[in-house]
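Architecture at a glance
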Amino acid sequence: IMDIVDEVVGMTKLAVDKNGRHLLSGSVVMMNGMSRGELPMVLGDPYKLTQLFYNLVTNAAKFTAAGSIQVFAREVEAQGTLEIDIT
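Residues numbered from 1 in each chain as written. Predicted model: local features only at pLDDT ≥ 70, side-chain atom pairs only at ≥ 80, totals over all residues. Heavy atoms only, no water.

Regarding the layout of surface pockets
To find leftover empty space, one rolls a probe the size of a water molecule over the atoms. Quick note on the threshold: Only protein atoms enter the 1 Å grid used here. Points where a 1.4 Å probe fits but cannot escape make up a cavity, open sets with protein on both sides within 12 Å along at least five of seven lines make up a pocket, and a residue lines them when an atom lies within 4 Å of a point. Grid points are joined across faces, edges and corners, and a volume is the space filled by probe spheres set on the points. Each residue receives one of three labels: charged for Asp, Glu, Lys and Arg, nonpolar for Ala, Val, Leu, Ile, Met, Phe, Trp, Tyr, Cys and Pro, and polar for the others, Gly being one of them.
The volume enclosed by the largest pocket comes to roughly 190 Å³. What lines the largest pocket is simply Ile1, Met2, Ile4, Arg36, Leu39, Pro40, Met41, Val42, Leu43, Gly44, Pro46 and Leu49. Residues belonging to the lining of the largest pocket are distributed by class as follows: 10 nonpolar, one polar and one charged.

See below:
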């Protein structure tokens, strides 16, 4: 997951809309708040996971005029799930 989120953060920093304008304004900072050592292995199609994260992060970029967009993840052991927050 970490490598996919790194890729998505990089792609979003370069993304432009259909008019050629950058999705991220100069006053928005993109941050990957995840740590490599604390997340479990996730099985899935890397292409679909990348597309999912890209859609969520670029959507956040479209509606964030200033401030930051941060991606966090944590394992919820009691439920056996991975929780992703994009704020």
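Considering the nonpolar core
To be explicit about the condition: In these notes, a set of buried Ala, Val, Leu, Ile, Met, Phe, Trp, Tyr and Cys residues joined through side-chain atoms within 4.5 Å is what counts as a nonpolar core. Here's how the labels work: a residue is buried when its accessible area is under 20% of the maximum for its type, exposed when over 50%, partly exposed in between, all with a 1.4 Å probe on protein chains only. Numbering of helices and strands starts at the N terminus; helices are DSSP runs of H or I of at least 4 residues and strands are runs of E of at least 2. Only heavy atoms enter the contact rule, under which two residues are in contact if any of them lie within 4.5 Å.
With 20 residues, the main nonpolar core has Val5, Leu24, Met30, Met34 and Ile69 as its most contacted residues. Of all the secondary-structure elements, those providing two or more residues to this core are helix H1 (2-14), strand E1 (28-32), helix H2 (46-62) and strand E2 (67-76). Setting aside chain neighbours within four positions, we find leucine 24 in contact with Thr12, Lys13, Met30, Ala61 and Ile69.

Topic: the confidence of the model for the chain
Stated formally: The quantity known as pLDDT measures the predictor's confidence residue by residue, on a range of 0 to 100.
Residue-level pLDDT values for the chain average 87, and 100% of them are 70 or greater. When mean pLDDT is compared element by element in the chain, H2 scores highest at 92, while E1 scores lowest at 86.

Section: the packing of H1 against H2
Selection rule: The axes used here are C-alpha line fits, helices contributing only the stretch in contact, and every angle between their N-to-C directions lies in the interval 0 to 180 degrees. Should an angle lie under 35 degrees it is considered roughly parallel, over 145 roughly antiparallel, and from 65 to 115 roughly perpendicular; all remaining angles are considered oblique. Note: crossing handedness is left-handed where the near helix turns anticlockwise from the far helix by less than a right angle, and right-handed where it turns clockwise.
Between H1 and H2, the shortest axis-to-axis distance is 9 Å and the interhelical angle comes to 45°. With respect to H2, the axis of H1 lies oblique. Where H1 crosses over H2, the handedness of that crossing is right-handed. On H2, the residues that touch Ile4, Val5, Glu7, Val8, Met11 and Thr12 of H1 are Pro46, Leu49, Thr50, Phe53, Tyr54, Val57, Thr58 and Ala61.

A few points about H2
Applicable threshold: One less than the number of residues in a helix, times 1.5 Å, gives the span that helix is expected to have. The directions from the helix axis to the C-beta atoms form the arc being described. Nitrogen and oxygen atoms within 3.5 Å of one another constitute a polar contact, given that in protein one can donate a hydrogen and the other can accept it, and given that sequence-neighbouring residues count only through two side-chain atoms.
The end-to-end C-alpha distance of H2, which contains 17 residues, comes to 24 Å, matching closely the 24 Å that a straight helix rising 1.5 Å per residue would cover. What H2 keeps buried is the set Leu49, Thr50, Phe53, Val57, Thr58, Ala60 and Ala61. Viewed along the axis of H2, the buried residues span an arc of 150°, placing them on a single side of the element. Turned more than 90 degrees away from the buried face of H2, the exposed residues are Tyr47, Lys48 and Lys62. Looking at the buried positions of H2, the neighbouring elements they touch are H1, E1, E2 and strand E3 (81-86). Of the residues that open H2, the one with a side-chain oxygen 2.8 Å from the backbone nitrogen of tyrosine 47 is aspartate 45.

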